[in-house]
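The primary structure of each chain is shown beneath.
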Amino acid sequence: MSDADLSVCDREPIHLLGGIQPRGVLVAFEEGDETIVVVSSNAAALLGVGPDALVGQPLGRIVSREVLTRVEAGVALGPVNVEVGGRRCSALLHESDGLRVLELEPLSDSDASAEEDALTAVHRLVSPLARAKGVGALLQEAAAAVRALIGYDRVMVYRFHADFHGEVVAESVREGIDRFMGLHFPATDIPVQARALYTRNTLRLIADVDAKVVGLVPATLPGTDRPLDLSGSALRSVSEIHLEYLRNMGVGASFSVSLLKDGQLWGLMACHHLSPRGVSAARRQACDVLARLLSLQLSAEERAVESAAQARRASLLNVLVVPGLGEYSPARALEAQAPLLMDLTGARGVALVLGASAGLQGGAPLLLGDTPSEAEVLALVAWLSRQELPDDVFHVDRLGDVYPGLASRAEVAAGLLAVRLDPAVPHFALWFRPEVARTVSWAGNPNKPVRPEPGHARLRPRASFDVWREEVRDASLPWSAQDLEAARALKGALVGVVLRHAEELARLSRELARSNAELDAFGGTVAHDLKEPLRGILQYSSFLQEDFGPALGQAGGAQLEALTWLAKRTHELVDSLFEYSRLGRLELAWEETNQQVLVDDVLRTLGARLEEGRVEVRMPRRLPTVACDPIRIRQVWANLISNAAKYQTAEPRWVEVGFLGPGETRPEAARHVTAPYLFFVRDPGIGIAPQFHEAIFELFRRLHPAQAFGGGSGAGLAIARRLVSLHGGLLWVDSAPGRGSTFFFTLGKEPRG
């Protein structure tokens, strides 16, 4: 059957079947003058007057005002025992279609003589419940108590799942009767409109599945083309599909009691007897009282479990959050608490996408336990960011059905519970559950719940209830309401921690900026103050060399030359320190600058040194024009070109100056850069080992003796990198010993506003 065919069951107007069961009589009358409008066709058997003679007559002709008053007074409590037509009856009163509907059900002589006091019946039912420990035992005791009271062959407690399919969770049966304990029934067995009626009318008796339907007179309400709405009727007739369903189960009589929790249909107590059997009104009412007490006890049990779970979640959250408050990185604190994070929702893996503000490198996700890969998690987050998430929560126990990207990863991500932490950015907390392969036992094949009647449009229920086992794959255990609540609670905690951490980082950044400014000022002051005595030392060294050089002898002359060299070296270091300190207070003068003009000017300045070292400068093409501070970037070019020329020993010696523009293929060392222009200076010199690629950019850091390769202060590359950084760019090296070096740099955009 297709889904469209099955929808016929959901649309069947079971409240408008136009008839009642033959175990009672129905009379509908006007509220004001109490004129009879509709009466069941079997009225004569109880009332002594046929339906045609009753329609249009006052109700007082068959029911006295005293009896009606008694029924009205007890309507809220259930059936009222009265005498009508010389017979004892149970009476119910409700309203429908603007009419008052009176239902009269005769009590047999055995019922009348052996009718129990309702309070006694309730006591017999409720007493065993006090002994039960836990929900399972409670339901089992209730099933046994109801069967003992009504004498049916089978009493099942049938619980609805989230998709409204049912499962038998408790059962009491007579010896020799088929058992259904643990079996599942498809949602189509009890369609939508039937569940609605079970919610409205908590008791439903079908005393004989083969009884003939008693029609109503008239068949349709005056002025309409439809019968009286029997939604609130206890005598309402039964859909032929449902009757055939019961016959296929071998059932002769059925009685059901609804179990409601917080006003919603939680389940049913479904009672079956293999032959026709009634249940007296008082016993039905006692079962209804039991169901209400049972529902209250179930609610209390679930609330107790929920309260314990909430206390446990609060304890876990406290352990999770408090240690992280003083951490420099919340991610590091959360990583240390991975088992608690997973235990919070019963997951096997957690992924936290919190961004760089939480101390995650580059905004990468924090993966804990069994999770998909980093790339898979980021792709999932991108998909989730495009979804409408009610209350910022998404949960599914068959993720592959809605997100094909992880359909093949059921071993770690069959189930997903996700919470959006920030609607403005893709920050999420994700919990993963693996596949739990299991077998579900159905009472018959759930994929064939109904079948068409040959030659007719009417649907017929399945005929077989033999156990049919289904292997469930690619699904995790479902997420409970408590799991969702725990996820929402963690959301608030995480957001609070990350915000506090961001505030702390901002405070530290302000303090660091102030300290750097003070350090720059101090460095500049020290450098300036040291220059004066150094100039004095150089001058007096020169005077000594001129005036007393010959008298000092060879050893004295050498010592004086060493003193002069050390003074010059210190002067260079102080100059470099002074220059580096000035960069912290530097304001760039941005302008569109032809880089070719800058390099040409640098080459003229370095011309003599390059010619002396026999260094060829190669420029495959002219450099482009980009925005920068030309004075500062000229300094960068000068430093890189002079360094490239200096650190070479083999012939021929050359330096290549070039760039790569937008869209041009970039070498492996520069694939991570997205800037439109990539500048470089390349040489075939001695090269630099990878472990020193960052060390060479430290202030005064040299990899060779001070006098090797022409000396130098060791500050040039540090200054160059800082100048590039001030431009919003990057400067790095790609090199290996004996294979030369390539220094790359980029420039950012001029700040606006």
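Note that the structure is a prediction, hence the values are computed from the model and not measured.

**Observations regarding the nonpolar core**
V636, W637, L640, I641, F743 and F745 are the most contacted members of the largest nonpolar core, which totals 37 residues. Residue assignment for this core shows that the elements contributing at least two residues are α17 (595-605), β25 (625-628), α19 (630-646), β26 (653-660), β27 (678-683), α20 (716-726), β28 (731-735) and β29 (741-745). Here the element with the most residues in this core is α19; it accounts for eight residues. Once residues within four sequence positions are removed from consideration, F743 is found in contact with L640, F679, F680, V681, I688, I696, F697, L717, W732 and V733. Core analysis: the next-biggest nonpolar cluster, separate from the first, contains 27 residues, I150, A170, A253 and C287 among them.

**Considerations on the sheet that holds strand β5 (residues 87-96)**
Think of a sheet as strands paired side by side through backbone hydrogen bonds, with each pair either parallel or antiparallel. If you trace the seven strands from one edge of the open sheet to the other, you get β1-β11-β3-β2-β6-β5-β4, paired in antiparallel fashion. Edge positions in the sheet fall to β1 (19-20) and β4 (80-84), since each of these pairs with one other strand and no more. Sheet analysis places strand β2 (residues 25-29) next to strand β6 (residues 99-106), joined by five bridges and oriented antiparallel. Across the sheet, the residue bridging to A28 is V101, located in β6. Docked against the sheet, helix α4 (residues 65-73) engages β2, β4, β5 and β6, running at close to 165° with respect to β4.

**Considerations on the side chain of S254**
Mapping S254 onto the fold places it in strand β12 (residues 253-261). By relative accessible area, S254 is classed as buried at 10%.

**Some thoughts on the packing of α17 against α19**
It is the contact of α17 with α19, at a shortest axis distance of 9 Å, that shows an interaxial angle of 55°. With respect to each other, α17 and α19 are oriented oblique. Handedness of the α17/α19 crossing: right-handed. For the pair α17 and α19, contact is made by Q595, L598, V599, D601, V602, L603 and T605 and by P630, I633, R634, W637, A638 and I641, respectively. Considered class by class, the residues forming the contact of α17 with α19 number nine nonpolar, two polar and two charged.

**Thoughts on the environment of A338**
With respect to the helices and strands, A338 occurs in helix α12 (residues 338-343). What makes A338 buried here is its relative accessible area of 11%. Spatially, the C-alpha atom of A338 lies 8.7 Å from that of G349, the residues being 11 residues apart in sequence.

**A short note on the packing of α19 against α20**
Packing of α19 against α20 leaves a shortest axis separation of 9 Å and a crossing angle of 145°. In this structure, the crossing between α19 and α20 has a hand that is left-handed. Contact residues: α19 offers R632, Q635, V636, N639, L640 and N643, while α20 offers G716, L717, I719, A720, L723 and V724. For the contact of α19 with α20, the per-class residue count stands at seven nonpolar, four polar and one charged.

**Re helix α13 (residues 374-385)**
The terminal C-alpha atoms of α13, which comprises 12 residues, lie 16 Å apart, in line with the 16 Å expected from a rise of 1.5 Å per residue. What α13 keeps buried is the set V377, L380, V381, W383 and L384. Mapping the buried residues of α13 onto a view down its axis gives an arc of 160°, with all of them on the same face. Buried residues belonging to α13 abut β14 (349-353), β15 (366-369), β16 (393-396), α14 (399-402), β17 (415-422) and β18 (427-433).

**A closer look at the packing of aromatic side chains**
For the structure on display, the rule yields 13 aromatic pairs. Seen from their ring centres, F679 and F745 are 5.3 Å apart, and the 25° between their planes marks the pair as stacked. With F679 in strand β27 and F745 in strand β29, the pair connects residues that are 66 residues apart, well separated along the chain. Each member of the pair, F679 together with F745, is buried. Three or more aromatic residues link up through ring pairs in this structure, and these residues are W637, F659, Y677, F679 and F745. Seen from the ring of F164, R195 lies directly overhead, with NZ or CZ sitting 4.2 Å from the centre. One Lys or Arg, R621, reaches over the ring of F659 and ends 3.9 Å from the middle of that ring.

Here is what the cut-offs are and how they apply
Residues numbered from 1 in each chain as written. Predicted model: local features only at pLDDT ≥ 70, side-chain atom pairs only at ≥ 80, totals over all residues. Heavy atoms only, no water. Core = buried A, V, L, I, M, F, W, Y, C linked by side-chain atoms within 4.5 Å. Buried < 20%, exposed > 50% of the residue type's maximum accessible area, 1.4 Å probe, protein only. Helix = DSSP H or I, 4+ residues; strand = E, 2+ residues; numbered from the N terminus. Contact = heavy atoms within 4.5 Å. Pairing = 2+ DSSP bridges. Axes fitted to C-alpha atoms, helices over the stretch in contact; angles between N-to-C directions. Parallel < 35°, antiparallel > 145°, perpendicular 65-115°, else oblique. Left-handed = near helix turned anticlockwise from the far one by under 90°. Nonpolar A, V, L, I, M, F, W, Y, C, P; charged D, E, K, R; others polar. Expected span 1.5 Å × (residues − 1). Arc of directions from axis to C-beta. Phe/Tyr/Trp six-rings, centres within 6.5 Å; stacked < 30°, edge-to-face > 60°. Lys NZ or Arg CZ within 6 Å of the ring centre and 35° of its normal.

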